[in-house]
Amino acid sequence: MTGSGQRIVPDDGGHPTAHVDALAGLEQALHQPLPLQLQPVLLAARDALREAMSERQSAQRRYAALFDAVPDPVSILSATGTVLDVNSAGVRAYGRTREEIVGQPIELLNPDLPADHLEPVWETLNRGETYVVEVTNMRGDGSRFPVEVHSAAFEHDGEHCIVAVARDLSRRWQAETRYRLLLESIDKGVMLFDRNLSILAANPAAHRIFNTGVQTPSRVPLDNEDWITVDERGRRLRSEQWPVSKAFREGRIIPSTIIGLYHRPHGRMIWISITTVPVFSSGCDLPDHVFSLFSDITELKRDHALFDRAQSLAHIGGWEWDRSQQRLYLTGEAQRILGQQVAPTDLDGLVACLSPPARLQLLAAMDTVVELRNGFELELQGQRSDGHSFWIRMIGEVEAGDLASSRIAGTLQDITEPKHAEETLKNQARTDPLTGIMNRDAALTDLEARLGNPSHAEVAVLYIDLDRFKMVNDVLGHNAGDQLLIEATRRIRDAIGTEGLLARFGGDEFVVTCDARDLPERPERLAQAITQAFVPPFQFGKDEFAVTTSIGIARAPRDGQRPQQLIQNADLAMYECKRRDRNGWQLFSPELARRQRDRLQIERRLRKALERDEFRLVYQPQVELRSGTTVACEALIRWRDRQLGELRPDIFISHAENTGDIVRIGEWVLHQACSQVREWQDQGHGLVRVAINVSYRQFSGDRLARQVRDVLGQYQLPGQALELEFTERVLIEDAPATLRTFAELREMGVVLTIDDFGEGYSALNYLRTLPIHGLKLSQLFISGVPDNPSDVAVCEAVCGIARSLGLGLVAEGIESEAQRSFLLGLGVPVGQGFLFAPGLAPDAFARRLG
């Protein structure tokens, strides 16, 4: 039974060999002369024995089918741990034949078991219980996999045996890992409470929601020394009113509940929307734990309050007519505008507030909306309950996607003082509402009038754009952006005084119109004054931002005789200033117009450069500054156009980003660089890490992570062979998507580095959260060390940041021994630059590897 390969079958009280021998003896006896009375007895005995053997064979087949049908590995063990039988699932799972397993000790499958491992097993089985343990099984090829083994006892042929069922835990472990990653990555706070309302676990989002200067509570934050908790209306919450307490008490899910938490020590109010889910143990009728899922709605709560206040201040209310329910909904401000003692709740009630002609207008408009699905705008007269008349502007339309036109919604605006409202609209037509200065239309009208008057035709236009405005607006929000525009308006207005006319042209762009007849150098002098006005940084709380201006100047009639032409040429000069170095001004010239045409030509030819195979890569070594040993390289792209010749990367890369071609080019660079690393490996140079630059445009969605995974797989390279360098602009484009992409890339083992660190907005909060590996000191600062104190200070600061965060550091653009020595003194380990080598062809770089 232990070595012959014979299956263990259900016990029928006899041995199969004995049955066969008995049947052969009966057959032989029946062929001998027998007494008449004995022959029927022997015939009956033979048939009964045949039937018993047939039933035994059927039972054996059923047992084998059932045994092999179990999807988990099942082993039958002797009392001493010898494998007596194993099912088909076990044969597949262990990667061995049945003959290789049966008759061997269980240690063949579980090599990590201690010598006395059967003692606790039999102690448990002898109590009539099932023994459960998690162990690691081994396949025939030596690989391991985790299992949970359930063992039970039974007897066979009078011997004590064990049946052991092994459940593969690999998928469960993967599921638990995915669950942990999910909890760590979602932006919803998750907490686990016990019946004492103590917090047993909390995910990172929960800590982030509570931990902006506030310590996360260790229990439900009911009224105590630090916390005050209130409901949505600001009323104090008692212990039994907390959703967590309700879930424990009632044993049901408590859906979204809004709660306010005020932290006394820091004077901070947090509003959360919380859903609680009870967790029951087996056989319990009351939960022993509760999960809470919550979102930070502090900003939403504040915005809602501001929206209600804005409605009141603007005298605009909202309304909605639900045709299916015959219900009218009015916001509080809409009710105030109508001024009725009892607010109307249906269309008839609303119509009753209006004068007879207005009633007909409104009813006709409602019918038209339902029939034609177009909106309406009406000015209607009515009467309040106090007898005073009113005028309203009523706008309505069918809700988007409502095919049955069941809901019509819109706004009510109080226009009772039409003359005042009309004057306000006229003023708004010429004035920028945020800054109070002239708007685009007013500026164009004024410029057209000046150009149409021969005595005032010598006019100049200064086109002003705020550098880094988008960064402030994206990082600090639109409110900070608006404050910046208001302060920028004040600075420009103070700089030009009465010598120019200021207008906001849109976004962060301004136009100054000035007379150049009596003082030809006035446009340049005003531009210099504006530039100086932006030297002091802008203050936002404790943060300071350096925002400068790029100014383009165009003169009439030399640079244009029509408003749009003059503005366009000034705009072109402004972009040239921004392209060069920003923070200054640039005069328009025909040369600029020619360069603009050249840029358009570059962009057209750039789209076909890949198809024409005009790109190539060179590889600049990255070396240990102390020893000079090459440790990696950076792939640098070069473009030789058939018509334009060799073009510098700083020229065509910016064009590629503007047109979006950088995405296709970046994918080509990724393939070429990885292919070259594979070739170097095949030549015996070992694994070389290559760094490539990644544009912010390549971080759209999950495209970049998928490309990297596919390319590494195509060339059979580990993630460590690739380093992706990205600028700080990536950090503020789309934070959630960026975090997901970085997490996937890091999981592959790809090295992630911020390139030109310190040139842009150094988002230190992103450095704490992004899974990056290192920073790259910009050549902009390296070029000034060790003599320029400002550049020295920046380099020291960046090195300090890298050390404190445990990040790697690479310096680029090293061109002198003095720079190398200075960087070594700061503790910078790796650098690149012309001091060591320029970008090299693949063969030349391979020779450096030896």
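If you're wondering where the values come from, they're calculated on a predicted model, not measured in any experiment.

Caption draft 1: Structural context of the overall build of the chain. Secondary structure summary: the chain contains 29 helices and 32 strands in total. By residue count, 43% of the 850 residues in the chain fall in the buried class. Nonlocal contacts in the chain, meaning residues at least 24 apart in sequence, comprise 56% of its contacts between residues at least 6 apart.

Caption draft 2: Representation of the pattern of salt bridges. Counted under the stated rule, the structure contains 37 salt bridges. With a shortest N-O distance of 3.4 Å, Arg-384 and Asp-414 are connected by a salt bridge. With Arg-384 in the loop between β14 (376-383) and β15 (389-398) and Asp-414 in strand β16 (residues 407-414), this pair connects stretches of sequence that are 30 residues apart. Given a relative accessible area of 21%, Asp-414 falls into the partly exposed group. Asp-494 is paired through a salt bridge with Arg-490; the nearest N and O atoms lie 2.9 Å apart. With Asp-494 and Arg-490 both in helix α16 (residues 478-496), this residue pair falls four residues apart, about one helical turn.

Caption draft 3: Region of the structure containing the side chain of Asp-322. Tracing the backbone shows Asp-322 in strand β12 (residues 316-322). With sequence-adjacent residues up to four places away left out, Asp-322 is seen in contact with Arg-327, Ser-406 and Arg-407.

Caption draft 4: Region of interest: the sheet that holds β16. Pairing within the open sheet is antiparallel, and its five strands lie in the order β13-β12-β16-β15-β14. Edge positions in the open sheet fall to β13 (327-330) and β14, since each of these has one partner strand only. The sheet shows a mean angle of 25 degrees between the axes of neighbouring strands, taken without regard to direction. Strand direction decides the pairing type here: β12 and β13, joined by four bridges, are antiparallel. Looking at β13, one finds that Trp-319 is bridged to Leu-330.

Caption draft 5: Structural detail: helix α8 (residues 243-250). All of the buried residues along α8 are Pro-243, Val-244, Ser-245, Ala-247 and Phe-248. Immediately downstream of α8, the backbone of Gly-251 shows phi near 65 degrees, a positive value.

Caption draft 6: Local environment of the sheet that holds strand β1 (residues 74-78). As summarised here, the arrangement of the five strands in space is β2-β1-β5-β4-β3, forming an open sheet in which the pairing is antiparallel. Edge positions in the sheet fall to β2 (83-86) and β3 (131-138), since each has one partner strand and no second. Mean inter-strand twist for the sheet, computed between neighbouring axes without regard to direction, equals 30 degrees. Each of β3, β4 (144-156) and β5 (159-168) is contacted by helix α5 (residues 118-126), which is oriented at about 105 degrees to β5, the strand it contacts most.

Caption draft 7: Inspection of the environment of Lys-608 at higher detail. Tracing the sequence through the fold places Lys-608 in helix α19 (residues 590-609). Through-space distance from the C-alpha of Lys-608 to that of Asp-641 is 9.8 Å; in sequence the pair is 33 residues apart.

Caption draft 8: Up close: the confidence of the model for the chain. Per-residue confidence for the chain averages 83 on the pLDDT scale, and 85% of its residues sit at or above 70. Taken together, the stretch residues 1-5 has pLDDT below 50 and engages in nine contacts with residues farther than four places along the chain or on a different chain.

Caption draft 9: Structural context of the nonpolar core. Counting 77 residues, the largest nonpolar core has Val-708, Leu-722, Leu-724 and Leu-775 as its most contacted members. Take this core: its biggest share by element is ten residues, from helix α21 (residues 662-682). Core analysis: the next-biggest nonpolar cluster, separate from the first, contains 28 residues, Met-471, Leu-526, Phe-534 and Val-547 among them.

Caption draft 10: Expanded view of the packing of α21 against helix α22 (residues 703-714). At their nearest, the axes of α21 and α22 sit 10 Å apart, and the two run at 25 degrees to each other. In terms of their interaxial angle, α21 and α22 are classed as roughly parallel. The interaxial crossing formed by α21 with α22 has right-handed handedness. For the pair α21 and α22, the contacting residues are Val-663, Glu-667, Leu-670, His-671 and Cys-674 in the first and Arg-703, Gln-707, Val-708, Val-711, Leu-712 and Gln-714 in the second. A per-class count over the contact of α21 with α22 returns six nonpolar, three polar and two charged.

Caption draft 11: Representation of unusual backbone geometry in the model. The omega torsion of the bond from Ala-556 to Pro-557 falls at 5 degrees, within 30 degrees of zero and hence cis. Within the fold, Pro-557 resides in the loop between β22 (549-555) and α18 (563-580). Between Val-785 and the following residue, Pro-786, the backbone shows a cis peptide bond with an omega angle of 5 degrees. Among the structural elements, Pro-786 can be located in the loop between α26 (779-782) and α27 (789-805). Even without being glycine, Arg-468 reaches a positive phi, approximately 70 degrees. Positive phi outside glycine occurs at Gln-716, with the angle close to 55 degrees.

Caption draft 12: Inspection of the packing of aromatic side chains at higher detail. This structure, assessed with the given rule, holds twelve aromatic pairs. Taking the centre distance of 5.9 Å and the plane angle of 70 degrees together, the rings of Phe-540 and Phe-545 count as edge-to-face. Exposure remark for Phe-545: the relative accessible area of 2% places this residue in the buried category. A network of ring pairs unites the aromatic residues Phe-615, Trp-639, Phe-652 and Trp-668 as a single cluster. Lying over the aromatic face of Phe-534, Arg-491 brings its terminal NZ or CZ to 5.9 Å of the ring centre. One residue, Arg-491, lies across the ring of Phe-538, its end atom 3.8 Å from the ring centre.

Caption draft 13: Examining the pairing of strand β19 (residues 509-515) more closely. Of all seven residues in β19, seven are buried, a share of seventy percent or more. Side-chain alternation along β19 places Glu-509, Val-511, Thr-513 and Asp-515 on one buried face and Phe-510, Val-512 and Cys-514 on a second face that is also buried. Bridge count for strand β17 (residues 459-466) against β19 is seven bridges, and the pairing is antiparallel. Paired with Val-459 across the bridge in β19 is Asp-515. In this structure, strand β18 (residues 500-506) lies alongside β19, joined through six bridges in antiparallel fashion. Directly across from Ala-503, in β19, lies its bridge partner Val-511. Counting the residues in the hairpin turn of β18 and β19 gives two residues, including Gly-507, whose phi is positive at 60 degrees.

Caption draft 14: Region of the structure containing the environment of Ile-106. Checked against the element boundaries, Ile-106 lands in the loop between α4 (98-101) and α5. As for Ile-106 and Ser-75, which are separated by 31 residues in sequence, their C-alpha atoms are 9.1 Å apart. Setting aside residues no more than four positions away along its own chain, Ile-106 makes contact with Leu-77, Gly-81, Val-83, Leu-113 and His-117.

Caption draft 15: Main features of α16. With 19 residues, α16 should cover 27 Å at 1.5 Å per step; its first-to-last C-alpha distance of 27 Å lies within 8% of that length. For α16, the set of buried residues is Ala-480, Gly-481, Leu-484, Leu-485, Ala-488, Thr-489, Arg-491, Ile-492 and Ile-496. Elements that come into contact with the buried residues of α16 comprise β17, α15 (469-476), β18, β19, α17 (522-533) and β20 (538-540). Gly-497 lies just past α16 and shows a positive phi near 55 degrees.

Caption draft 16: Up close: the side chain of Ser-75. Among the structural elements, Ser-75 can be located in strand β1. Residue classification places Ser-75 among the buried positions, given a relative accessible area of 4%.

Reading the values: the criteria
- Residues numbered from 1 in each chain as written.
- Predicted model: local features only at pLDDT ≥ 70, side-chain atom pairs only at ≥ 80, totals over all residues.
- Heavy atoms only, no water.
- Helix = DSSP H or I, 4+ residues; strand = E, 2+ residues; numbered from the N terminus.
- Buried < 20%, exposed > 50% of the residue type's maximum accessible area, 1.4 Å probe, protein only.
- Contact = heavy atoms within 4.5 Å.
- Salt bridge = Lys/Arg side-chain N within 4 Å of Asp/Glu carboxyl O.
- Pairing = 2+ DSSP bridges.
- Axes fitted to C-alpha atoms, helices over the stretch in contact; angles between N-to-C directions.
- pLDDT = per-residue confidence, 0-100.
- Core = buried A, V, L, I, M, F, W, Y, C linked by side-chain atoms within 4.5 Å.
- Parallel < 35°, antiparallel > 145°, perpendicular 65-115°, else oblique.
- Left-handed = near helix turned anticlockwise from the far one by under 90°.
- Nonpolar A, V, L, I, M, F, W, Y, C, P; charged D, E, K, R; others polar.
- Phe/Tyr/Trp six-rings, centres within 6.5 Å; stacked < 30°, edge-to-face > 60°.
- Lys NZ or Arg CZ within 6 Å of the ring centre and 35° of its normal.
- Expected span 1.5 Å × (residues − 1).

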